[in-house]
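So the chains spell out like this:
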2 protein chains.
Amino acid sequence: MVRKANEAFYAAMENLDIKNMENVWLREPYITCAHPGWPLLEGWGPIMRSWERIFDQTFEMKILIDEIRVRVSGDIAWAVVTEHIESRHYEGISTGTVFTTNVFERCGTSWYLVHHHSSPAQRHVDGNADQLQ
Amino acid sequence: MVRKANEAFYAAMENLDIKNMENVWLREPYITCAHPGWPLLEGWGPIMRSWERIFDQTFEMKILIDEIRVRVSGDIAWAVVTEHIESRHYEGISTGTVFTTNVFERCGTSWYLVHHHSSPAQRHVDGNADQLQ
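Quick summary incoming for the structure in this document.

What counts, and at which threshold
Residues numbered from 1 in each chain as written. Chains lettered and ligands numbered in written order. Predicted model: local features only at pLDDT ≥ 70, side-chain atom pairs only at ≥ 80, totals over all residues. Heavy atoms only, no water. 1 Å grid on protein atoms, 1.4 Å probe; cavity = no way out; pocket = protein on both sides within 12 Å on 5 of 7 lines; lining within 4 Å. Points joined across faces, edges and corners; volume = space filled by probe spheres on them. Helix = DSSP H or I, 4+ residues; strand = E, 2+ residues; numbered from the N terminus. Nonpolar A, V, L, I, M, F, W, Y, C, P; charged D, E, K, R; others polar. Contact = heavy atoms within 4.5 Å. Polar contact = N/O pair within 3.5 Å; in protein donor to acceptor, adjacent residues only side chain to side chain. Expected span 1.5 Å × (residues − 1). Buried < 20%, exposed > 50% of the residue type's maximum accessible area, 1.4 Å probe, protein only. Arc of directions from axis to C-beta.

### Observations regarding empty space enclosed by the protein
1) Next: All told, the structure shown has two cavities of 30 Å³ or more when counted by the stated rule.
2) Next: One number sums up the size of the largest cavity: a volume of about 40 Å³.
3) Next: Lining of the largest cavity is provided by Phe99, Ser119 and Pro120 of chain A together with His35, Pro36, Gly37, Trp38, Ser118, Ser119 and Pro120 of chain B.
4) Next: Taken together, the elements giving at least two residues each to the lining of the largest cavity come down to β6 (110–120) of chain A together with β6 (110–120) of chain B.
5) Next: Counting residues per element, the lining of the largest cavity draws most heavily on β6 of chain B, which supplies three residues.
6) Next: Of the residues that constitute the lining of the largest cavity, the class distribution is five nonpolar, five polar and no charged.
7) Next: Put simply, the second largest cavity is a space of about 30 Å³.
8) Next: Lining of the second largest cavity is provided by Ala34, His35, Pro36, Gly37, Ser118, Ser119 and Pro120 of chain A together with Phe99, Ser119 and Pro120 of chain B.

And the structure:
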């Protein structure tokens, strides 16, 4: 089930658990990952090293899923997630809201992450933006 | 063909052409769009109004596709794109590099955009980041 795979991804992040993060992703050379402020990463090695580095530099991470939209079609699913992240590092505590696109691929009976794109969301919109909602 | 649909999307952007932009998207309530710095938009009306607003405020837009990765599985495809955008507005010229995730859905023999997520890419990485490439 896609939502379960998505939850496992966020659980691995919150637990700073590289083994569980590895279990979430499909081990294929075409997997891609765009963390906020990072260069685009492609392939198992670069992506797993990025999570190791993030987890190494983080004492604690709390993620509150604000909204989630999941679509499934055949063996592909994508989740559009708005999440609030609070994380504690050497430098202090950082908080922020991010948009994430997670693309999952079904392999056998399980769903695996094949693309993760996360970017800062604007928390306060300007006066005209409510016309767009 | 997915690449053709992706090209049509960027052509509509460059030409500031709302009719062609409408032709690119699937007219379904579940379509989603995250422009850099905007709230997440869902559904035909909010998404098309956002493009109208962007096009109204832009005199000219030039997009150079730097890298593109496309995966197709069944009736779903996703493109991960790095693009350089130069746009001319009332306020002057703005340039930037963005990462984009475009998810397409096949309907009949054509591919339509169902999700667009665009965010600023970091142009200059710190000294350690080359380990991650």
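### Focus: the environment of His89 of chain B
Residue and element names in this part refer to chain B.
1) Next: Mapping His89 onto the fold places it in strand β4 (residues 76–89).
2) Next: In this structure, the C-alpha to C-alpha distance between His89 and Asp56, residues 33 residues apart in sequence, is 9.3 Å.
3) Next: In this structure, His89 is in contact with Gln57, Thr58, Phe59 and Ser94, ignoring residues within four places of it in sequence.
4) Next: Of note is the side chain of His89, whose polar atom sits 2.7 Å from the side chain of Ser87.

### A closer look at helix α1 (residues 2–14) of chain B
Residues and elements named next belong to chain B.
1) Next: Here α1 is 13 residues long and its end C-alpha atoms lie 19 Å apart, about the 18 Å a rise of 1.5 Å per residue gives.
2) Next: Where α1 is concerned, the buried positions are Val2, Ala5, Asn6, Phe9, Tyr10, Ala12 and Met13. Buried residues of α1 fall within an arc of 155 degrees about the axis and therefore sit on the same side. With respect to the buried face of α1, the exposed residues turned more than 90 degrees away are Lys4 and Glu7.
3) Next: Looking at the buried residues of α1, the elements they touch are α2 (18–24), α3 (44–56), β3 (58–73), β4, β5 (92–107) and β6.
4) Next: At the exit of α1 stands Leu16, carrying a positive phi of roughly 50 degrees.

Note that every value here comes from positions in space, so none of it alone points to a role or purpose.
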